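In case you want the letters, here they are:
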Amino acid sequence: LAKTTQPISMDSYEGQEVNITCSHNNIATNDYITWYQQFPSQGPRFIIQGYKTKVTNEVASLFIPADRKSSTLSLPRVSLSDTAVYYCLVSQGGGTSYGKLTFGQGTILTVHP
Amino acid sequence: EAGVTQFPSHSVIEKGQTVTLRCDPISGHDNLYWYRRVMGKEIKFLLHFVKESKQDESGMPNNRFLAERTGGTYSTLKVQPAELEDSGVYFCASSQEEWTVKRDFGQGTRLTVV
């Protein structure tokens, strides 16, 4: 499974756009990139998933360059409630490794008033 | 629709005792997963059920841990006997499809072994 590296922490202010970049240099051809969000005392929550280029949903956008060795989660106009830990995961397509969902240390995002 | 529910939310037991954690997945989700985060560590996979069958239990740390899912509905995770290093937060998750990275997590059970 590809190892991921992301910043330990980030700070932002309400209304700003936040971009969290994750590197996954050893990503394999059939790997997908997934981001989860976790609030204190809660379980992780799926945010977005992508394979290449750009994916957007009602919560965030995910940018993946052509070489797929990194990805950037973009949160538009953050609010205080976006303060959470954000995990970048790389998951192998097919096979039982889907079940494992290897979580790294995550990025602690703190949004200030 | 109810989400993934875990019981209890907190449990404090003495070393050597037995504890049973319960997880009720979202109705209709055949896939059920257990994860845990021990103090200072990352969230780690424990095992994966498809209905009542264990699809992958490669993450179970040792034979003091026993997971069951009789009838393919709720699941239990028993720790017997509990050790201090078992303290942490145990998460359960479920999904409708097997080949998906999107799953719904419960709020977790915080286990403290003293």
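Thresholds, definitions, all that
All chains use their own residue numbering, which begins from 1 and follows the written sequence. Chain letters and ligand numbers both follow the written order, the letters beginning at A and the numbers at 1. Since the coordinates come from a predicted model, pLDDT governs what is reported: local features require at least 70, and pairs of side-chain atoms require 80 or more to be given and counted, while whole-chain, interface and lining totals use all residues. Hydrogens and water molecules were not included; the side-chain quantities draw on all heavy atoms of the structure. Put simply, DSSP H or I for four residues or longer makes a helix, DSSP E for two residues or longer makes a strand, and each gets a number counted from the N terminus. The rule is simple: take the accessible area with a 1.4 Å probe, protein chains only, and divide by the maximum for that residue type; under 20% is buried, over 50% is exposed, in between is partly exposed. Within 3.5 Å is the distance limit for a polar contact, defined as a pair of N or O atoms, with the added protein rule that one can donate a hydrogen and the other accept it, and that residues adjacent in sequence qualify only through two side-chain atoms. Whether two residues are in contact is decided by their heavy atoms, any of which lying within 4.5 Å being enough. Defined in terms of a 1.4 Å probe, buried area is the accessible area two parts forfeit on being brought together, summed over both. Salt bridges are counted wherever a side-chain nitrogen of Lys or Arg sits within 4 Å of a carboxyl oxygen of Asp or Glu. Only a pair of cysteine sulfur atoms within 2.5 Å counts as a disulfide in this structure description. Only protein atoms enter the 1 Å grid, on which a cavity is a set of points fitting a 1.4 Å probe that cannot get out and a pocket is an open set with protein on both sides within 12 Å along at least 5 of 7 lines, lining residues being those with an atom within 4 Å of a point. Grid points are joined across faces, edges and corners, and a volume is the space filled by probe spheres set on the points. Think of it as three bins: nonpolar holds Ala, Val, Leu, Ile, Met, Phe, Trp, Tyr, Cys and Pro, charged holds Asp, Glu, Lys and Arg, and polar takes everything else, Gly as well.

**Student:** Is there a simple way to explain the side chain of Thr-109 of chain B in this structure?
**Tutor:** All names here are of chain B. Take Thr-109: it is sitting in strand E11 (residues 109-113). Taking relative accessible area as the criterion, Thr-109 reaches 0% and is therefore assigned buried. Within the local environment of Thr-109, its side chain forms a polar contact with the backbone oxygen of Pro-8, the two atoms lying 2.5 Å apart. Excluding residues that lie within four positions of it along the chain, Thr-109 makes contacts with Gln-6, Phe-7, Pro-8, Ser-9, Leu-21, Gly-88, Val-89 and Tyr-90.

**Student:** Would you take a moment to explain the environment of Ser-71 of chain A for this structure?
**Tutor:** Residue and element names in this part refer to chain A. Tracing the sequence through the fold places Ser-71 in strand E7 (residues 70-75). The exposure class assigned to Ser-71 is buried, which follows from its relative accessible area of 0%. When residues no more than four places from it in sequence are discounted, the contact partners of Ser-71 are Ile-20, Thr-21, Cys-22, His-24, Ile-33, Trp-35, Leu-62, Phe-63, Ile-64 and Cys-88.

**Student:** Would you mind going over the side chain of Ser-11 of chain B with me for this structure?
**Tutor:** For Ser-11 of chain B, the position within the fold is in strand E2 (residues 10-13). When near neighbours in sequence (up to four residues on either side) are disregarded, Ser-11 of chain B contacts Val-19, Arg-110, Leu-111 and Thr-112 of chain B.

**Student:** Would you mind going over the interface of chain A and chain B with me for this structure?
**Tutor:** Contact with chain A, which involves 21 residues of that partner, is made by 20 residues of chain B. Taken over both partners, the interface formed by chain A and chain B buries close to 1700 Å², and the fraction arising from carbon and sulfur atoms is 60%. Along the contact surface separating chain A from chain B lie 0 salt bridges. In this structure, the connection of chain A to chain B is made through 5 residue pairs in polar contact (both at pLDDT 80 or more). Taken together, the elements giving at least two residues each to the side of chain A that touches chain B come down to strand E3 (31-38), strand E4 (45-50) and strand E8 (84-92) of chain A.

**Student:** When you look at the state of the cysteines in this model, what are you seeing that I'm missing?
**Tutor:** What we call a disulfide is simply a covalent bond connecting the sulfur atoms of a pair of cysteines. Scanning the entire structure with this criterion turns up 2 disulfides over all chains. Disulfide pairing places Cys-22 of chain A opposite Cys-88 of chain A at an S-S distance of 2.2 Å. One quick way to see it: the torsion about the S-S bond of Cys-22 of chain A and Cys-88 of chain A is about -80 degrees, and its sign makes the bridge left-handed. Remark: Cys-88 of chain A occurs in strand E8 and Cys-22 of chain A occurs in strand E2 (residues 18-23); sequence separation between them is 66 residues. Here Cys-88 of chain A falls in the buried class, since its relative accessible area comes to 0%. A sulfur-sulfur separation of 1.8 Å characterises the disulfide bridge that pairs Cys-23 of chain B with Cys-92 of chain B. On the sign convention where negative is left-handed, the bridge of Cys-23 of chain B and Cys-92 of chain B, at about -65 degrees about the S-S bond, is left-handed. Pair noted here: Cys-23 of chain B is in strand E3 (residues 19-24) and Cys-92 of chain B is in strand E9 (residues 88-95), with a separation of 69 residues, a long-range link.

**Student:** Where do I start with the layout of surface pockets in this structure?
**Tutor:** Leftover empty space is mapped by rolling, across the atoms, a probe with the size of a water molecule. When its volume is computed, the largest pocket comes out at roughly 380 Å³. Surrounding the largest pocket, 21 residues form its lining, Ser-41 of chain A together with Arg-37, Val-89, Phe-91 and Arg-110 of chain B being those nearest its centre. Elements that contribute at least two residues to the lining of the largest pocket include exactly strand E4 (31-38), E9 and E11 of chain B. Considering each element in turn, the lining of the largest pocket owes the most residues, 4 residues, to E11 of chain B. The residue makeup of the lining of the largest pocket, split by class, is 7 nonpolar, 12 polar and 2 charged.

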